[in-house]
Amino acid sequence: MNVDVAIVGAGPAGSRAAFCLARAGARVALIDGSHPREKPCGGGVTGRALALVADAVDAARLPSRRIHTARFVDASGGRSVAVPLDGGALVVASRTEFDGLLLDAARQAGAQFVAARALDVTRSPGGFAVDTGPQRIAAQHLIGADGANSLVRRRLARPFARADLSIATGYFAHGALSSEIVIELTADPPGYIWSFPRPGHLAVGICAQADAGTTAGDLRSRTARWIDRMALADGARLEPYSWPIPTLSAAGFRSLTVAGPGWFLAGDAAGLVDPITREGIYFALRSGELAARAVLSPGASHARYRECVHDEITADLATAARYKAGVFRPRFARLLVDALTESAGIRAVMADLVAGRRAYSSLKWSLVGTFEVGLAWRLLTAS
């Protein structure tokens with residue numbers, strides 16, 4: 001098969017890139033042997049992510065739960081506070097359903113879906129070749145959207161080091177329902193535990209750096225104890241999961257490789273994940289769009305793609321990485337619950353962060369702008 005663009009990975013980044021390219025008239029092969037599939041994550045899709053794909057996905061067709069409250073828990077003091085979210089801020093969906101709609105849109109736009117695993121990627125005189133075993137796909141351009149363990153990244157750049165990854169692990173609690181997300185910051189290991197209500201089940205899990213010295217089994221045991229303590233899933237059937245997520249440091253974002261001549265990385269394969277929340281769906285969709293735009297531009301400029309990814313995504317994520325160590329300290333968790341309890345302004349700032357509408361680069365001034373100067377200062381100095 002000969003195409004203009006081969007895309008490895010049919011998750012949000014790959015399917016969005018395929019949709020944009022095929023709609024513009026490019027011949028596209030979208031290669032993936034497992035999508036659409038359930039992915040071990042909360043499944044939160046922000047309003048800005050849904051707005052980004054409104055030209056391809058009818059949100060009314062997406063089975064989801066609209067979230068009106070985010071509850072933050074301070075385990076050390078046995079307290080919690082609910083942060084109201086507006087109706088369009090966040091929905092929680094099955095990744096099988098969401099990714100399936102994105103893939104359908106790409107195919108309807110004209111992308112050819114190759115339901116096979118990419119076994120190897122090599123350079124060729126005319127560009128690149130993707131080997132699936134039974135089939136060899138030749139393409140002028142290549143987009144790697146194949147996740148944290150990206151084959152394209154391993155062949156054309158370098159794989160992520162263990163220090164660049166987090167373990168996300170926990171349980172799908174089938175039959176348990178809720179109307180709010182629940183988040184508890186943890187200090188040992190640094191990270192957080194979450195419960196996100198999807199249609200028909202809860203996605204409950206914990207995220208911690210892969211090099212933190214704890215195993216996925218240990219983390220799941222901790223999650224199970226948290227489920228019991230929070231009384232989240234009485235009588236539910238627990239289905240375990242684990243998944244690697246890129247979680248880069250500020251230095252990692254500054255030195256990040258996302259493209260080279262003729263090839264581009266998007267989504268998790270590019271490391272475009274919020275290092276605090278580990279949210280990556282919006283960044284996957286947007287980087288897929290930017291990669292498609294770069295391919296369609298004169299000269300298929302990979303340098304321009306790097307600039308756009310830096311300006312729109314990684315510059316702010318590097319700021320988040322600098323905040324990260326302070327956010328997971330016990331003192332910050334206590335002060336956060338205090339501040340959210342006492343200040344409507346700070347609750348509004350947090351709601352915008354949950355919805356992905358607030359840049360980390362403007363966070364300090366956003367907090368100060370609440371005029372709760374004392375509370376804001378205590379939060380800022382704690383982080």
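The rules behind the values
Residues numbered from 1 in each chain as written. Predicted model: local features only at pLDDT ≥ 70, side-chain atom pairs only at ≥ 80, totals over all residues. Heavy atoms only, no water. Helix = DSSP H or I, 4+ residues; strand = E, 2+ residues; numbered from the N terminus. Rg over C-alpha atoms; globule rule 2.2 N^0.38 Å. Buried < 20%, exposed > 50% of the residue type's maximum accessible area, 1.4 Å probe, protein only. Contact = heavy atoms within 4.5 Å. Phe/Tyr/Trp six-rings, centres within 6.5 Å; stacked < 30°, edge-to-face > 60°. Disulfide = S-S within 2.5 Å. Pairing = 2+ DSSP bridges. Axes fitted to C-alpha atoms, helices over the stretch in contact; angles between N-to-C directions. 1 Å grid on protein atoms, 1.4 Å probe; cavity = no way out; pocket = protein on both sides within 12 Å on 5 of 7 lines; lining within 4 Å. Points joined across faces, edges and corners; volume = space filled by probe spheres on them. Parallel < 35°, antiparallel > 145°, perpendicular 65-115°, else oblique. Left-handed = near helix turned anticlockwise from the far one by under 90°.

### Remarks on the overall build of the chain
(1) Moving on: A count of helical and extended segments in the chain gives twelve helices and 18 strands.
(2) Moving on: In terms of C-alpha radius of gyration, the chain reaches 21 Å, essentially the compact-globule figure of 21 Å for 383 residues.
(3) Moving on: If one aligns the C-alpha atoms of the chain with their principal axes, the spans along those axes are about 65 × 45 × 40 Å.
(4) Moving on: Counting over 383 residues, the chain shows a buried share of 58%.
(5) Moving on: The contacts of the chain with a sequence gap of at least 6 include a subset with a gap of at least 24, amounting to 73%.

### Points about the packing of aromatic side chains
(1) Moving on: Enumeration according to the criterion identifies four aromatic pairs in this entry.
(2) Moving on: Geometrically, the ring pair formed by F172 and Y241 is tilted, given 4.7 Å between the ring centres and 35° between the ring planes. Here the residue F172 occupies a position in strand 12 (residues 165-174), and Y241 occupies one in strand 16 (residues 237-246), the gap between them amounting to 69 residues. Accessibility classification places F172 together with Y241 in one group, the buried group.
(3) Moving on: Aromatic side chains Y192 and W194 sit 5.5 Å apart centroid to centroid with 50° between the ring planes, which places their arrangement in the tilted category.

### Let's talk about the state of the cysteines
(1) Moving on: Considering all chains together, one arrives at zero disulfides under this definition.
(2) Moving on: No disulfide involves C20; its sulfur sits 14 Å from the nearest other cysteine sulfur, which is in C308.
(3) Moving on: Residue classification places C20 among the buried residues on the basis of a relative accessible area of 14%.
(4) Moving on: Judged by relative accessible area, which is 10%, C308 ranks as buried.

### Considering helix 10 (residues 344-354)
(1) Moving on: Among all positions of helix 10, only I346, V349, M350, A351, D352, L353 and V354 are buried.
(2) Moving on: Residue G356 follows helix 10 closely and has a positive phi angle near 75°.

### A short note on the sheet that holds strand 7 (residues 90-93)
(1) Moving on: The strand order across the open sheet formed by three strands is 3-7-4, and the pairing between neighbours is antiparallel. The strands lining the two open edges of the sheet, one partner per strand, are strand 3 (44-46) and strand 4 (64-66). Sheet twist, expressed as the average angle between the axes of neighbouring strands with direction ignored, equals 30°.
(2) Moving on: Across three bridges, strand 4 lies against strand 7 in antiparallel orientation. When the bridges of strand 7 are listed, S64 appears paired with A93.

### Notes on empty space enclosed by the protein
(1) Moving on: Using the criterion set out here, one finds one cavity of 30 Å³ or more in the structure.
(2) Moving on: As a volume, the largest cavity reaches approximately 30 Å³.
(3) Moving on: Contributing elements (two or more residues each) for the lining of the largest cavity: strand 5 (69-74), strand 13 (181-187) and helix 9 (330-342).
(4) Moving on: Broken down by element, the residue count for the lining of the largest cavity peaks at three residues, all from helix 9.

### Quick notes on unusual backbone geometry
(1) Moving on: Even without a glycine there, the phi angle at A231 is positive, about 50°.
(2) Moving on: Mapped onto the fold, A231 is located in the loop between helix 5 (216-230) and strand 16.

### Some words on the packing of helix 7 (residues 281-296) against helix 8 (residues 302-327)
(1) Moving on: Where helix 7 contacts helix 8, the axes come no closer than 9 Å and their chain directions differ by 165°. Taken together, the axis directions place helix 7 and helix 8 in an arrangement best described as roughly antiparallel. The handedness of the crossing between helix 7 and helix 8 is right-handed. Here helix 7 contributes F283, R286, S287, L290, A291 and A294 to the contact with helix 8, which in turn contributes Y305, C308, V309, E312, I313 and L317.

Keep in mind that these numbers describe shape and distance, not what the molecule does.
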